[in-house]
Amino acid sequence: MTGYRVAPLGAAIDAVVDVPGSKSIANRALFCAALAAGESVLSNLPDGDDTQAMVVALRTLGVEIEDGSDDGSTVRVVGGRSRFRPGPLTLDAGLAGTTSRFLTALCAFGNGRYTIDGGAPLRTRPMAPLHDAMATLGADIRTHAATGHLPVTVEGPFDFSSEEVTMPGDVSSQFLTALMLVAPYFNDGLRLVLSTELVSRPYVRMTAAIMQQFGVQGVEVGDRIIVVPRGCYTPQEFTVEPDASSAGYPLAAAAICGGRVRVPGLTKYSIQGDAHFCHVLARMGCSATQDADATTVARSGQLRGMAINMVELSDLVPTLAVVAAFAEGATEIHGVGFIRNKESDRLGDLCDELQRAGVDAVATADGLIVHPGTVRMATLGTHHDHRLAMAFALLGLGASGIVVDDPDVVSKSWPDFWSMIESLR
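Heads up: these notes are all about the structure in this document. Bear in mind the structure is a predicted one, so any value in this text is a computation, not a measurement.

1. Looking at helix α10 (residues 317–324)
1) Next: With eight of eight residues buried, α10 lies mostly within the body of the structure.
2) Next: Taken together, the buried positions of α10 are occupied by Val317, Pro318, Thr319, Leu320, Ala321, Val322, Val323 and Ala324.

2. Focus: the nonpolar core
1) Next: Counting 79 residues, the largest nonpolar core has Leu395, Phe417 and Leu424 as its most contacted members.
2) Next: In terms of residue count, the dominant contributor to this core is helix α8 (residues 244–257) (ten residues).
3) Next: For Leu395, the residues in contact, after removing those within four places along its chain, are Val322, Ala325, Phe326, Leu354, Ala357, Val359, Val375, Leu380 and Ile402.
4) Next: Ile25, Leu30, Ala57 and Ala108 belong to the second-largest nonpolar core, a separate cluster that totals 77 residues.

3. Section: empty space enclosed by the protein
1) Next: The tally for this structure, following the rule as stated, stands at three cavities of 30 Å³ or more.
2) Next: Counted as a void, the largest cavity has a volume near 280 Å³.
3) Next: Surrounding the largest cavity, 28 residues form its lining, Lys23, Ser24, Gln174, Tyr203 and Asp315 being those nearest its centre.
4) Next: For the lining of the largest cavity, the leading source of residues is helix α1 (residues 23–35), giving three residues.
5) Next: Tallied by class, residues from the lining of the largest cavity come to three nonpolar, 13 polar and twelve charged.
6) Next: Of the volumes computed, that of the second largest cavity is approximately 60 Å³.

The rules behind the values
Residues numbered from 1 in each chain as written. Predicted model: local features only at pLDDT ≥ 70, side-chain atom pairs only at ≥ 80, totals over all residues. Heavy atoms only, no water. Buried < 20%, exposed > 50% of the residue type's maximum accessible area, 1.4 Å probe, protein only. Helix = DSSP H or I, 4+ residues; strand = E, 2+ residues; numbered from the N terminus. Core = buried A, V, L, I, M, F, W, Y, C linked by side-chain atoms within 4.5 Å. Contact = heavy atoms within 4.5 Å. 1 Å grid on protein atoms, 1.4 Å probe; cavity = no way out; pocket = protein on both sides within 12 Å on 5 of 7 lines; lining within 4 Å. Points joined across faces, edges and corners; volume = space filled by probe spheres on them. Nonpolar A, V, L, I, M, F, W, Y, C, P; charged D, E, K, R; others polar.

Everything listed here is a matter of coordinates, which is why it stays silent on function.
Structure (structure tokens):
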């Protein structure tokens, strides 16, 4: 598909939207199940590229993963370190940053050399904090093309007598999570000392919650230190929650177009920080309800701009920026300078494309400012970023003439996203 022309709704929405499982939760659960000696059953796995890349790589590594349902949303995982095939092996992470970083840490448990690689856009993303920390912990880390980037060859084992490692907290929670997930297997657990402020606390807490569900209790997440006790994962039956970041798009569609959207299964008990996005929309003039069954957002009045720190909801910055284009008054988003190193520069690229569509959006040092205006016809580039593509779809629901270039990039997290957009009619 070369470009997707979004048809504006022109009417209020009344929809119930089923959202795929969280890829962030799924990849963490797959990691734990891969190390747990025995059989786990994981349900509601998403069918996006990131999760599939993790499944394929784990199978290559020697973990037994069998489909337990026709659509692949339920899998049986037979794991344990003894199952890992000796290297040399090459594992392809595709375009998945989470998958590549988790696999890099996991491969230090194997016997021999393991090379982790991915597509060209993934090769440009930073990996140095993880590589440096793993080297400090005794793993042999060798990069091929550029230091701190993929492809990388890992040869273990870790020095499991290590007790502490220092890492930055303001780059990516995926680096911290990768080491948290392996930390229980160190002789005395592991302390992760943060040299800078922790900026993705909800994702770190999510990691700790999933580790607990797989049998590792007592992970402590502080402002500048994360303590993981010694332990091991045990096989589990585990159901993946609906993806809160993905749920933000249909909920934001209700904010932009008016009406009501309900997302079943995304509840007040969610372990995902992005589940709180409905309350952000409430601050802009929507009504939001979150109970034990679902999250619902509705709007009948005017949207209003605001100032907000999105440090704990950073994946939803593009979504909120598009909602802000239809609000009354300016919206200032701050606290998210680190998202320039995601799949795209999610500040600079986002603002450039919004300006192409006539939206007055200006990037700042740690965020952006959006002034509402008249949206004009434009073809918007996605910069290999699923989050930009899905956010720009929302712009097209509220204004005519928006074409999203490279729309297939949404397959990273939600292959059926465009069908969902059409179903809102």
